[in-house]
Amino acid sequence: IFFLAHQMETSLLPPSQRPSSSPLRRRQLTIVACIVGALCVFAISSWSPSNNLGLAPVLSRTTLQIRAPSTAGRNTRVSARANSHWMEKLGAGAAAFGLAGAMSMGTPMPAVASEYDVLDASKPTTGYIMDDAPCLQKGSEKKMNDILSYLDVGKGYKLDVVTVRKLEESADADTLASKMLDKWSSKDKSNSAVLVLVVKNSEVGLAAGDGFVKALGEDKAASIAQETVGYFANQGRPNQGVSEGVKRINAILTGETDPGAPEVKEYRKERTYKTKEETDVARGASYQVVGALLLIAFVVPMLQYAGYVQKD
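Attention here is on the structure that accompanies the text. (Residues numbered from 1 in each chain as written. Predicted model: local features only at pLDDT ≥ 70, side-chain atom pairs only at ≥ 80, totals over all residues. Heavy atoms only, no water.)

1. Section: the overall build of the chain
When helices and strands are tallied, the chain shows twelve helices and four strands. For the chain, buried positions account for 29% of its 312 residues. Contacts in the chain between residues far apart in sequence, at least 24 positions, make up 63% of those at least 6 positions apart. Accessible area for the chain stands at about 20,700 Å²; split by element, carbon and sulfur atoms hold 60% of it. (Helix = DSSP H or I, 4+ residues; strand = E, 2+ residues; numbered from the N terminus. Buried < 20%, exposed > 50% of the residue type's maximum accessible area, 1.4 Å probe, protein only. Contact = heavy atoms within 4.5 Å. Areas by Shrake-Rupley, 256 points an atom, 1.4 Å probe, with all protein chains shown as cover.)

Here it is in structure tokens:
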């Protein structure tokens with residue numbers, strides 16, 4: 001309840017005033033919510049209506065007056081039931097606390113990815129990549145981070161990759177890429193770049209400094225963004241699109257041969273329907289066949305009947 005109330009309160013705030021929703025903050029809120037929930041369950045399990053209303057002593061006195069001869073046996077049974085009742089309450093509280101601990105120490109609750117997570121980040125979450133969508137495979141992330149690390153350390157060109165599910169504040173992917181370039185590459189902006197992929201509409205943006213653009217080439221940059229990353233993203237393969245785009249950038253900046261954009265296969269669809277002229281021709285032939293059959297059906301019986309009459 002505490003966690004849901006906090007989420008509702010946060011959602012009512014304007015986007016610019018929303019607090020940071022980093023994974024660490026979400027995990028802390030989850031732990032606090034689990035502990036509060038465990039304490040509430042323990043308090044409810046320990047509550048006894050008969051004790052609060054003062055009915056237990058009255059019932060005990062009444063029972064003792066009616067069944068005075070069996071006082072010793074009754075006291076033993078009452079004591080046993082009391083001990084059992086407290087054991088049940090203790091067990092329920094321990095179970096609730098254990099469940100809360102398992103929830104807080106386990107996998108954190110999944111958060112809804114948004115552009116604000118990217119804008120609030122001071123640096124990419126995994127090396128040179130921030131997969132906030134998420135749409136990248138772990139193996140591909142590792143390979144791309146190795147390539148990007150070599151470009152940064154070995155060649156002096158820094159490229160960061162960002163994926164988001166949809167845009168909420170920026171006008172397009174290029175705008176978000178420019179914002180992240182200004183935030184993450186304040187020291188050496190000339191040789192830095194940010195590649196952004198918006199998964200929802202397969203929009204791609206690439207913002208780069210002057211040195212990066214000069215080494216890569218404007219035509220190559222546009223081809224990588226639209227004909228490689230955007231092409232695979234439109235086919236529902238964003239992981240392959242980002243991987244191939246990083247490989248092309250690495251090849252060009254390291255002096256290797258650019259593998260180029262993927263070959264676009266054009267599928268020629270054969271017509272599976274008839275035109276109006278073909279339908280009219282087929283219809284005319286059908287009419288002729290039906291007319292001939294009807295003629296035969298009427299003429300042949302009449303000729304047979306005429307032959308039988310002449311014989312008689």
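2. Looking at helix H11 (residues 238-253)
Taking 1.5 Å of rise per residue, the 16 residues of H11 would be expected to cover 22 Å, and the 23 Å separating its terminal C-alpha atoms lies within 8% of that figure. Along H11, 13 of the 16 residues are buried, which leaves the element largely enclosed by surrounding structure. Directly beyond the C-terminal end of H11, a positive phi value near 85° is found at glycine 255. (Expected span 1.5 Å × (residues − 1).)

3. Observations regarding the environment of valine 242
By the element assignment, valine 242 lies in helix H11. In sequence terms valine 242 and threonine 163 are 79 residues apart; their C-alpha atoms lie 9.2 Å from each other. Ignoring anything within four residues of it in the chain, the contact list for valine 242 reads Leu136, Met144, Val161, Leu197 and Val229.

4. Brief notes about the sheet that holds strand S3 (residues 192-198)
An order of S1-S2-S3-S4 is seen for the four strands of this open sheet, with the pairing classed as mixed. Looking at the sheet topology across the chains shown, the edges are occupied by strand S1 (129-131) and strand S4 (203-208). Each neighbouring strand pair of the sheet contributes to a mean axis angle of 10°, computed without reference to strand direction. Running over the sheet, helix H7 (residues 138-155) touches S1 and strand S2 (158-164) and is turned about 150° from S1. (Pairing = 2+ DSSP bridges. Axes fitted to C-alpha atoms, helices over the stretch in contact; angles between N-to-C directions.)

5. Description of the nonpolar core
Side chains that are nonpolar tend, in soluble globular proteins, to be buried together. Counting residues in hydrophobic clusters, the biggest one holds 27 residues, and the most contacted among them are Leu148, Phe212, Leu216, Val242 and Ile249. Residue assignment for this core shows that the elements contributing at least two residues are H7, S2, S3, helix H9 (210-216), helix H10 (218-234) and H11. Counting 17 residues, the second-largest nonpolar core is a separate cluster that includes Tyr116, Val118, Ala121 and Val194. (Core = buried A, V, L, I, M, F, W, Y, C linked by side-chain atoms within 4.5 Å.)

6. A word on the packing of H10 against H11
The geometry of H10 relative to H11 is characterised by a closest axis approach of 7 Å and an angle of 160° between their N-to-C directions. Looking at the two axes, H10 sits roughly antiparallel to H11. As H10 packs across H11, the resulting crossing turns out to be right-handed. Two secondary-structure elements touch here, H10 through Lys220, Ser223, Ile224, Thr228, Val229, Phe232 and Ala233 and H11 through Pro238, Gln240, Gly241, Val242, Glu244, Gly245, Arg248, Ile249 and Ile252. (Parallel < 35°, antiparallel > 145°, perpendicular 65-115°, else oblique. Left-handed = near helix turned anticlockwise from the far one by under 90°.)

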